[in-house]
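Coordinate inspection notes
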Amino acid sequence: MYSEMLAEGMVPLEKQQQYACTLKAQADRLSYLVENVLQLARLERGPVKIIKERLTVTELLERFQLRLEERAAEGHMQLIFEIEESIAQHTLVTQAVAIEQILFNLVDNACKYAQPADDKRIVLSVSRSASHFQFCVRDFGPGISPIERRLMFQPFHQSKLAMENAVSGVGLGLALCHRMATSVGGRLFNKDCPTGTMFILELPSV
């Protein structure tokens, strides 16, 4: 409807930018959903060829920092990066595109589910143990119930909270993230925290 009205000159000049922004936002959302569906289908068909790169933690995050910040801003949230200074220049050998998609999905979920919270922060932190890097995405929203935690990585599962609040999406984000983490030799899991929700993407450090 918006595109037809713009094409036919039915929108006043002062509202044209508003309509165009709405169209762009919806097109981006649809593109994101389609991308998730196609990627999950590829993973379900069998092993996917992984092209790995060697890059530092800082180089990896710089590739998609702006995209993550823009998504947080769209959801009226504040994305905060916390990286241990001692590991900023440590090297990973991984698939950067996969890591970007996983972290984007996690930030996107935080924007959807934690938006009503008083604390609007989403914290993306990076730490390192003897054998792994951990990328942690935490929000301060309502959290996840024990029942939902058992089902969260199943394709097309939508939580009770999502259905009650008509959260957009088809329930593929976490299922895709879980499979992509495995495909690059890592794992994705949820961790209990006092408030909100915390997801950890763990990747081999060698």
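Residues numbered from 1 in each chain as written. Predicted model: local features only at pLDDT ≥ 70, side-chain atom pairs only at ≥ 80, totals over all residues. Heavy atoms only, no water.

Points about the overall build of the protein chain
When you go through the protein chain residue by residue, the secondary structure sums to seven helices and seven strands. Beginning at the N terminus, the succession of helices and strands in the protein chain can be written as α-α-β-α-β-β-α-β-β-α-α-α-β-β. When each of the 206 residues of the protein chain is scored for burial, the buried share is 41%. Pairs at least 24 residues apart make up 70% of the contacts formed inside the protein chain by residues separated by at least 6 positions. A total of about 11,700 Å² of accessible surface is found on the protein chain, and carbon and sulfur atoms cover 54% of it. (Helix = DSSP H or I, 4+ residues; strand = E, 2+ residues; numbered from the N terminus. Buried < 20%, exposed > 50% of the residue type's maximum accessible area, 1.4 Å probe, protein only. Contact = heavy atoms within 4.5 Å. Areas by Shrake-Rupley, 256 points an atom, 1.4 Å probe, with all protein chains shown as cover.)

Section: the packing of aromatic side chains
Any pair of aromatic rings gets described here by the distance separating the centres and the angle formed by the planes. Under the definition given, this model contains one aromatic pair. Taking 6.4 Å as the distance between ring centres and 70° as the angle between the ring planes, the aromatic pair formed by Phe-153 and Phe-199 counts as edge-to-face. In this pair, Phe-153 sits in the loop between α5 (146-151) and α6 (160-164) while Phe-199 sits in strand β7 (residues 197-204), placing the two residues 46 residues apart along the sequence. In this structure Phe-199 comes out as buried when scored by relative accessible area, which is 8%. The side chain of Arg-121 reaches across the aromatic face of Phe-140, ending 4.2 Å from its centre. (Phe/Tyr/Trp six-rings, centres within 6.5 Å; stacked < 30°, edge-to-face > 60°. Lys NZ or Arg CZ within 6 Å of the ring centre and 35° of its normal.)

Some details on the sheet that holds strand β6 (residues 187-191)
Taken together, five strands build an open sheet; the order of strands is β2-β4-β5-β7-β6 and the sheet is mixed. Strands at the two margins of the open sheet, each flanked by one partner only, are β2 (78-83) and β6. Averaged over all pairs of adjacent strands, the angle between their axes in this sheet comes to 20°, without regard to strand direction. Bridge count for β6 against β7 is five bridges, and the pairing is antiparallel. By the bridge assignment, Phe-189 is partnered in β7 with Ile-200. Sitting on the sheet, helix α3 (residues 57-74) is in contact with β2, β4 (121-128) and β5 (132-139), with an inclination near 165° to β2. (Pairing = 2+ DSSP bridges. Axes fitted to C-alpha atoms, helices over the stretch in contact; angles between N-to-C directions.)

A look at helix α7 (residues 173-183)
Three or more residues of α7 are buried, namely Gly-173, Leu-174, Ala-175, Leu-176, Cys-177, Met-180 and Ala-181. Downstream of α7 by a residue or two, Gly-185 has a phi angle that is positive, lying close to 85°.

Section: the pairing of β5
Within β5, six of the eight residues are buried, leaving the element largely enclosed by the surrounding structure. Pairing analysis gives seven bridges linking β4 to β5, with the strands arranged antiparallel. Among the inter-strand pairings, Ile-122 is bridged to a residue of β5, identified as Asp-139. Connecting β4 to the next strand, β5, in antiparallel fashion are three residues. Relative to β7, β5 runs antiparallel, the two being bridged by eight bridges. From the neighbouring strand, Phe-133 faces β7, where its bridge partner is Leu-203.

Some remarks on the packing of α3 against helix α4 (residues 96-113)
Angle between the axes and distance between the axes: these two values describe a pair of packed helices. Running from amino to carboxyl end, α3 crosses α4 at an angle of 20°, the nearest separation of the two axes being 10 Å. Relative to α4, the element α3 is oriented roughly parallel. Crossing handedness for the pair α3 and α4: right-handed. Contacts from Leu-60, Arg-63, Phe-64, Arg-67, Leu-68, Arg-71 and Ala-72 in α3 reach Ala-96, Ile-99, Glu-100, Leu-103, Phe-104, Val-107, Asp-108, Cys-111 and Lys-112 in α4. (Parallel < 35°, antiparallel > 145°, perpendicular 65-115°, else oblique. Left-handed = near helix turned anticlockwise from the far one by under 90°.)

Notes on the pattern of salt bridges
Counted under the stated rule, the structure contains eight salt bridges. In this structure, the salt-bridge partner of Arg-71 is Asp-108, at a minimum N-O distance of 2.6 Å. With Arg-71 in helix α3 and Asp-108 in helix α4, the pair connects residues that are 37 residues apart, well separated along the chain. The exposure class assigned to Arg-71 is buried, which follows from its relative accessible area of 14%. For Asp-108, a relative accessible area of 3% translates into the label buried. Between Asp-192 and Arg-149 there is a salt bridge, with the nearest N and O atoms lying 3.1 Å from each other. Within this pair, whereas Asp-192 is found in the loop between β6 and β7, its partner Arg-149 is found in helix α5, the two being separated by 43 residues in sequence. On the accessibility criterion, Arg-149 (26% relative accessible area) is partly exposed. (Salt bridge = Lys/Arg side-chain N within 4 Å of Asp/Glu carboxyl O.)

These results come straight from atomic positions and should not be treated as a statement about function.
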